[in-house]
Amino acid sequence: MEGGFGSDFGNSGGGKLDPGLIMEQVKVQIAVANAQELLQRMTDKCFRKCIGKPGGSLDNSEQKCIAMCMDRYMDAWNTVSRAYNSRLQRERANM
């Protein structure tokens, strides 16, 4: 399998597991899971906020509402993420 997610998880071919490679793969998988959760939460929130009666298509106002809701959600998430990362860095520096 491509992308480092094959069945030889962290195996460099010599029968030994590479802890660094395993950690990197786990970090990637966590990042993907977090992105999927963010997208799901954003979709649920914006759908509930913007779609009054689900139908076969979105009208113009629903499309605008969804776009604006998703933009605001991402802006808020980015702001919180930057503040959280900044705080983590400060705390690490004080250790």
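Procedures and definitions
Residues numbered from 1 in each chain as written. Predicted model: local features only at pLDDT ≥ 70, side-chain atom pairs only at ≥ 80, totals over all residues. Heavy atoms only, no water. Helix = DSSP H or I, 4+ residues; strand = E, 2+ residues; numbered from the N terminus. Expected span 1.5 Å × (residues − 1). Buried < 20%, exposed > 50% of the residue type's maximum accessible area, 1.4 Å probe, protein only. Salt bridge = Lys/Arg side-chain N within 4 Å of Asp/Glu carboxyl O. Core = buried A, V, L, I, M, F, W, Y, C linked by side-chain atoms within 4.5 Å. Contact = heavy atoms within 4.5 Å. Axes fitted to C-alpha atoms, helices over the stretch in contact; angles between N-to-C directions. Parallel < 35°, antiparallel > 145°, perpendicular 65-115°, else oblique. Left-handed = near helix turned anticlockwise from the far one by under 90°. Nonpolar A, V, L, I, M, F, W, Y, C, P; charged D, E, K, R; others polar.

Enquirer: It is not clear to me how helix H1 (residues 19-50) should be interpreted in this structure. Could you clarify?
Expert: Helical geometry note: an α-helix holds 3.6 residues per turn, so side chains three or four residues apart project in the same direction. With 32 residues, H1 extends 46 Å from end C-alpha to end C-alpha; this agrees with the ideal 46 Å at 1.5 Å per step. The complete set of buried residues in H1 reads Gln25, Leu38, Met42, Cys46 and Cys50.

Enquirer: Any chance you could explain the pattern of salt bridges here in plain terms?
Expert: Two side chains that carry opposite charge are able to pair once their charged atoms sit near each other. Enumeration over the complete set of coordinates arrives at three salt bridges. As a salt-bridge pair, Glu91 and Arg87 come within 3.1 Å of each other at their nearest N and O atoms. Taken together, the residues span about one helical turn, with Glu91 and Arg87 both in helix H2 (residues 60-93) at a distance of four residues.

Enquirer: Teacher, can you tell me more about the nonpolar core here?
Expert: Here is a general trend for soluble globular proteins: nonpolar side chains tend to be buried in one another's company. Core analysis: the largest hydrophobic core is formed by nine residues, namely Leu38, Met42, Cys46, Cys50, Ile51, Cys65, Ile66, Cys69 and Tyr73. Mapped by element, the contributors of at least two residues to this core are H1 and H2. What Cys65 contacts, discounting residues up to four positions off in sequence, is Lys49 and Cys50.

Enquirer: Quick question: what am I supposed to make of the packing of H1 against H2 here?
Expert: Helices that pack against each other are described as a pair by the angle of their axes relative to one another and the distance between those axes. Closest axis-to-axis distance for the H1/H2 pair is 9 Å, and the angle between their directions is 140 degrees. In terms of their interaxial angle, H1 and H2 are classed as oblique. Of the two elements, H1 crosses H2, and the hand of that crossing is right-handed. Residues Leu38, Arg41, Met42, Lys45, Cys46, Phe47, Lys49 and Cys50 of H1 pack against Glu62, Cys65, Ile66, Cys69, Met70, Arg72, Tyr73, Met74 and Trp77 of H2. Classifying every residue of the contact of H1 with H2 gives 12 nonpolar, no polar and five charged.

Fair warning: the whole summary comes from geometry, so function is off the table for now.
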